[in-house]
Amino acid sequence: MRRRHFLTLSANSLGGFLVYSLDRKASLLSAQHKPIRVPLRFFTEAEALIVAAAASRILPSDESGPGAREAGVAIFIDRQLAGPYGRDRFRYTQPPFEDAPRELGYQGSATPRQIYRDGLKGLQGFHFLAPAAQDEALRKIESTMFFSLLRQNTIEGMFCDPLHGGNAGMVGWQLIGFPGPRMSNFDEIEKYYGKAFRPKPVSLRQATGSKVRPSEDEP
Amino acid sequence: MKTLPAVDAVIVGGGWAGLLMAKELAQRTSLNIVVLERGPSRRASDYSTDMDELDYAIRFRMMQDLSKETVTLRHDAARRALPLRQHGAFLPGSGVGGSGEHWNAQVPRFLPDCFELLTKTSEKYGANALPESHAVRDWGITYNELEPYYTRVDKLLGTSGQAGNIRGKLLDGGNIFEGWRSEAYPTPPTKMPYFSVLFRDAAKSLGYHPYPAPSANISQTYTNPDGISRGGCTYCGFCARFGCMVGAKAQPTNLLLPVIEKRSNVTLRAGAWVRRILFDAVSKPAAARGVSYVASSGDEIFQPASLVFLASWTFNNTRFLLLSGIGEPYDPATGRGTVGSNLTHQVTVGAATAFFDRPLNRFMGSGSAGVLFSDFDRDDLDRSGLNFMRGGYFGARGYGFQPIGAFGVLPNSIKATWGSEWKKAAISCYDRTATIGFAGEHLAYKTNFMDLDPVYKDALGDPLLRLTLDWRDNERKMAAFATPIAVQVARAMGAREINPFPGLHSYDATHYNSTHIQGGTIMGDSPAHSVVSPYLQHWQLPNLFILGGSTFPQNASANPTPTVLAFVYRAADAIVDRYLKHPGPLA
Ligand SMILES: Cc1cc2nc3c(=O)[nH]c(=O)nc-3n(C[C@H](O)[C@H](O)[C@H](O)COP(=O)(O)OP(=O)(O)OC[C@H]3O[C@@H](n4cnc5c(N)ncnc54)[C@H](O)[C@@H]3O)c2cc1C
Ligand code: SF4
């Protein structure tokens, strides 16, 4: 059995409701009142802190709005890695593994889990660095498979349906004006030509009223 | 191996082609039919909670499980092929309904000349007009012979659109460059996303002839000749890569399965992974005896049958013949053999990505709602000044864009790929960006083909299919020709900045192209160059029929499924009306 690890998220860091001032400056109304401790499925606490910090440099919380931190991206990535995606359940992983031209896609044997574990070893203490030093450290690994996974997974965690543990409070969707799953746009599709139509986001569970099971919870 | 009681017909693959054949035979005969499908069973009602981009569009929940089986690829025969370890250029489905569950439902027809491409291009442009080392062939059938079956397909699907040519009468607002059709579309065009309307107006102002894309995501309630009713599309946008939660998208589970399930003479076995066709070479004529498969229990089973239908899509249709030793494998060195030849894909490129000042509301749309123009996709195209053969159509579709896939597409002027500057630009571009697509014909070449991989195996230990595939000058020049036209249209649409398509180089398996891959078991008018006749009947084993795009000698610009289905209807007619009375060659 692995020792239980938790990631503690402070009250004002997670989820919330986005409001825009007249000059389109976004501010977040916090939804949480006290810190929450989220049990980790794959990362150690130290790893989760590094991933959270690195994801925050990819999608920072800044004047253009909330970022990976408020969306809970580290929690999302932890669950993905613990699930079938993390262990390459659906990838062809038979040997021999050979180098290939770029057009044939990733040919390595390492799973996302292994790529993260190895990649994180090179970022020890990352979360204690100042933002500029963090950016410098990430620039050094920009061309690695680890970074490209981290970047992709950060985007996923920012904009996925909240049922996957990311996009907390649908902050990602609020940021870009995506309403989530809507059963019908029949009356609106031709009505808003040239004008923004921004219905309040709803999640899949809210829209369908059913407890949808995400793939990461499947065996 | 356990042997089951013999049946009249076994159908391998429960996608569009296999289930349409099952439906036709079930409705019109009392044959005892078994359909074997490797994937899970699916029903139209499964899709009420599937609107989750991550699991469906990014993690590919409905697609083939590559851990069990994939294909290998190399760019030319001198290189070593490697497996495509993750999904990329194409997304084959698995499970009842096949790719027809998660498809886009764009349903144009092929141009008349496509079916007689070798003859027509030589007649019109000279014997040497086709590029060196092409393997272009006639199909052994004409558009006029196929037209009634296309019309049946439109009625089956309830296709929404506006006709441009009814029996030779050209109609404004439709596609006036396509072949004649005997009737108008069953339902009117779909509603249009804003981006498509901008495109339509710009194309018109430049003298092109835009028209609403024909769509099997239907515009309004429709009841088809089988009595199946579907409601209209709601433009939810969770369409391609998803099943439709309201049943507006034509899918095998909502159009074919309900008919099949009412008949007692069809059994559908999901989780049945077919491995071989067994055949008798000494009987006269030679005959298929049935197929062997591994059931979900792990048992090896032999299902004997009097009629065998392969409908397992291009790759496995070809692989089964190669694995079973049926016919002569194609050898590119000598040009001998037919099985595996004429592998074609499609010249699908994002010709111009345009960035606007205005919001586009891109989350509203469907897999096929949009506007196209075909001024460069016509049989009578004036080729003076063009350095390539054939052509393709331009389109602006509103698929219904979702954030994981669409976030971060930025003008070339922005270099950052992460961090604050990138994030700010990506937020502002998110709903102001769209791509004008181009889809062009892919000619067949002697150098593009399929055979068995000598190294890599599937989960059962059978060799994977190996693709030898690359673009050639004709495709590169076609894409280079299309790009400035799309840029010009984007400019006329008022785009603030435009990323032109950077050019076609080597075949790239990492980016989605389309799941329109054809060839391997092609049809033709003689066994010397083809595997099946235009009735889809195997030349040597007359009780074996091969359904699907594997029978296309080369690919057209248009999406293939209406053509696949038209040939299935035609084969079903010939089987019911003639073969069952007098088993033997139909052609
Ligand atoms: C994302 C996407 C979008 C598309 N959009 C369009 C579009 O807009 N317009 C269009 O015309 N076409 C489109 N297509 C293509 C279209 O889906 C196919 O042309 C069509 O589904 C082909 O039908 P088929 O029955 O030949 O093959 P499939 O639908 O692929 O069915 C083949 C079936 O055979 C089964 N099978 C394979 N191997 C075995 C085996 N060993 N044992 C048992 N069963 C097996 C598979 O699991 C599958 O269910 C799209 C495809 C995709 C993936
Ligand atoms: S866009 Fe239309 S056809 Fe497509 S899934 Fe939604 S309702 Fe169905």
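Going by the structure above, here's the rest.
**Student:** For this particular structure, what's the right way to read the overall build of chain A?
**Tutor:** The helix and strand tally for chain A stands at eight helices and four strands. Reading the helices (α) and strands (β) of chain A from amino to carboxyl end gives β-β-β-β-α-α-α-α-α-α-α-α. The 219 residues of chain A split such that 50% are buried. Partitioning the contacts of chain A with sequence separation of at least 6, the portion at a separation of at least 24 is 67%. Element-wise, carbon and sulfur atoms account for 54% of the exposed surface of chain A, whose accessible area totals about 10,500 Å².

**Student:** Is there a simple way to explain the overall build of chain B in this structure?
**Tutor:** For chain B, the helix and strand inventory stands at twelve helices and 22 strands. Whereas a compact globule of 587 residues would reach a radius of gyration of roughly 25 Å, chain B reaches 23 Å, a difference of no more than 12%. Counting only C-alpha atoms, chain B reaches 70 × 55 × 50 Å along its principal axes. By residue count, 66% of the 587 residues in chain B fall in the buried class.

**Student:** Please clarify how the sheet that holds strand S17 (residues 392-397) of chain B should be interpreted in this entry.
**Tutor:** The strands that make up a sheet are held in pairs by hydrogen bonds between backbone atoms, and each pair lies either parallel or antiparallel. Residues and elements named next belong to chain B. Taken together, six strands build an open sheet; the order of strands is S8-S16-S17-S18-S15-S21 and the sheet is antiparallel. Each of the sheet's edge strands pairs with one partner strand only, and the pair in question is strand S8 (210-212) and strand S21 (497-500). Strand after strand, the sheet turns through a mean of 25 degrees between neighbouring axes, direction not considered.

**Student:** Which parts of the structure should I look at to understand the site of ligand 1?
**Tutor:** Residues and elements named next belong to chain B. In the vicinity of ligand 1 there are 35 residues, among which Ala17, Glu37, Arg38, Gln106 and Asn316 approach most closely. Within the backbone of Gly95, an N or O atom sits 3.2 Å from an oxygen atom of ligand 1. Within the backbone of Ala105, a nitrogen or oxygen atom sits 3.1 Å from an oxygen atom of ligand 1. Isolated, ligand 1 exposes 980 Å² of accessible area, and the fraction of that covered by the protein chains is 98%. Per-element tally for the shell around ligand 1: the top contributor is helix H8 (residues 313-324), with three residues. Here the shell around ligand 1 is composed, by residue class, of 15 nonpolar, 18 polar and two charged.

**Student:** Please clarify how the site of ligand 2 should be interpreted in this entry.
**Tutor:** Every one of the 13 residues lining ligand 2 counts as a neighbour, but Cys233, Cys236, Phe238, Cys239 and Cys244 of chain B are closest to it. A per-class count over the shell around ligand 2 returns seven nonpolar, five polar and one charged.

**Student:** What am I meant to see in the interface of chain A and chain B here?
**Tutor:** Interface size is commonly expressed as the accessible area that is lost once the parts come together. Across the contact, 79 residues belong to chain A and 64 residues belong to chain B. At the boundary of chain A with chain B, total buried surface from both sides reaches about 5,800 Å², with 60% on carbon and sulfur atoms. Residues Glu218 of chain A and Arg61 of chain B are paired through a salt bridge, measuring 3.0 Å at the closest nitrogen-oxygen approach. It is helix H6 (residues 145-159) of chain A that provides the largest number of residues to the side of chain A that touches chain B, a total of seven residues. Split by residue class, the side of chain A that touches chain B holds 36 nonpolar, 21 polar and 22 charged.

**Student:** Mind showing me how you'd approach the packing of helix H1 (residues 45-58) of chain A against helix H4 (residues 112-121) of chain A here?
**Tutor:** To characterise two packed helices, one gives the angle between the axes of the helices and the distance between these axes. Residues and elements named next belong to chain A. Axis separation between H1 and H4 bottoms out at 11 Å; the angle between their running directions is 85 degrees. One element, H1, and the other, H4, form an angle in the roughly perpendicular class. Of the residues in H4, those in contact with Glu47, Ile50 and Val51 of H1 are Tyr116, Arg117 and Leu120. Split into classes, the residues belonging to the contact of H1 with H4 amount to four nonpolar, no polar and two charged.

**Student:** Would you explain the sheet that holds strand S4 (residues 71-74) of chain B in this entry?
**Tutor:** A sheet is described by the order of its strands in space; here four strands give the open sequence S5-S4-S20-S19 (chain B), paired in mixed fashion. Strands with a single pairing partner mark the edges of an open sheet, and in this sheet they are strand S5 (82-83) and strand S19 (449-457) of chain B.

**Student:** What's the story with empty space enclosed by the protein in this structure? I'm lost.
**Tutor:** Where empty space is left becomes clear once a probe the size of a water molecule has been rolled over the atoms. Tallying each qualifying case throughout the model produces seven cavities of 30 Å³ or more. Space inside the largest cavity adds up to approximately 180 Å³.

**Student:** Hey, could you run me through helix H12 (residues 561-579) of chain B in this one?
**Tutor:** The periodicity of an α-helix, 3.6 residues per turn, causes residues three or four positions apart to be oriented the same way. The first and last C-alpha atoms of H12 of chain B sit 25 Å apart over 19 residues, in line with the 27 Å expected at 1.5 Å per residue. Among the 19 residues of H12 of chain B, 17 are classified as buried, and the element is accordingly described as predominantly covered.

**Student:** Explain unusual backbone geometry to me, please; I cannot follow it from the model alone.
**Tutor:** What you tend to see is this: most non-glycine residues have negative phi, and most peptide bonds are trans. Cis geometry is found at the peptide bond from Pro95 of chain A to Pro96 of chain A, where omega equals -5 degrees. Residue position: Pro96 of chain A is located in the loop between helix H3 (73-82) and H4. Residue Lys284 of chain B is joined to Pro285 of chain B through a cis peptide bond whose omega torsion reads -5 degrees. Positionally, Pro285 of chain B belongs in the loop between strand S12 (273-280) and strand S13 (287-294). Of note, the phi angle at Ser133 of chain B is positive, near 65 degrees, even though the residue is not glycine. Mapping Ser133 of chain B onto the fold places it in the loop between helix H3 (117-125) and helix H4 (143-157). In the Ramachandran plot, Tyr235 of chain B falls in the positive-phi region, its phi being about 60 degrees despite a non-glycine side chain. Among the secondary structure elements, Tyr235 of chain B is positioned in the loop between strand S10 (229-230) and helix H6 (252-255). When its relative accessible area of 0% is taken as the criterion, Tyr235 of chain B is described as buried.

**Student:** Before we go on, may I ask you to explain the pairing of strand S20 (residues 463-468) of chain B in this structure?
**Tutor:** Two faces belong to every sheet, and in a regular strand the side chains alternate between them. Residue and element names in this part refer to chain B. The element S20 is extensively covered by neighbouring structure, given that six of its six residues are classed as buried. Inspection of the sheet shows S4 paired to S20 by four bridges, in the parallel sense. Bridge pairing links Leu73 to Leu467 in S20. Where S19 meets S20, five bridges bridge the pair, whose relative direction is antiparallel. Note that in S20 the partner of Leu452 across the bridge is Leu465. As consecutive antiparallel partners, S19 and S20 are separated by five residues, and within that stretch Gly461 has a phi angle of approximately 90 degrees, a positive value.

Conventions adopted
Residues numbered from 1 in each chain as written. Chains lettered and ligands numbered in written order. Predicted model: local features only at pLDDT ≥ 70, side-chain atom pairs only at ≥ 80, totals over all residues. Heavy atoms only, no water. Helix = DSSP H or I, 4+ residues; strand = E, 2+ residues; numbered from the N terminus. Buried < 20%, exposed > 50% of the residue type's maximum accessible area, 1.4 Å probe, protein only. Contact = heavy atoms within 4.5 Å. Areas by Shrake-Rupley, 256 points an atom, 1.4 Å probe, with all protein chains shown as cover. Rg over C-alpha atoms; globule rule 2.2 N^0.38 Å. Pairing = 2+ DSSP bridges. Axes fitted to C-alpha atoms, helices over the stretch in contact; angles between N-to-C directions. Near = heavy atom within 4 Å. Polar contact = N/O pair within 3.5 Å; in protein donor to acceptor, adjacent residues only side chain to side chain. Nonpolar A, V, L, I, M, F, W, Y, C, P; charged D, E, K, R; others polar. Buried area = accessible area lost by both parts, 1.4 Å probe. Salt bridge = Lys/Arg side-chain N within 4 Å of Asp/Glu carboxyl O. Parallel < 35°, antiparallel > 145°, perpendicular 65-115°, else oblique. 1 Å grid on protein atoms, 1.4 Å probe; cavity = no way out; pocket = protein on both sides within 12 Å on 5 of 7 lines; lining within 4 Å. Points joined across faces, edges and corners; volume = space filled by probe spheres on them. Expected span 1.5 Å × (residues − 1).

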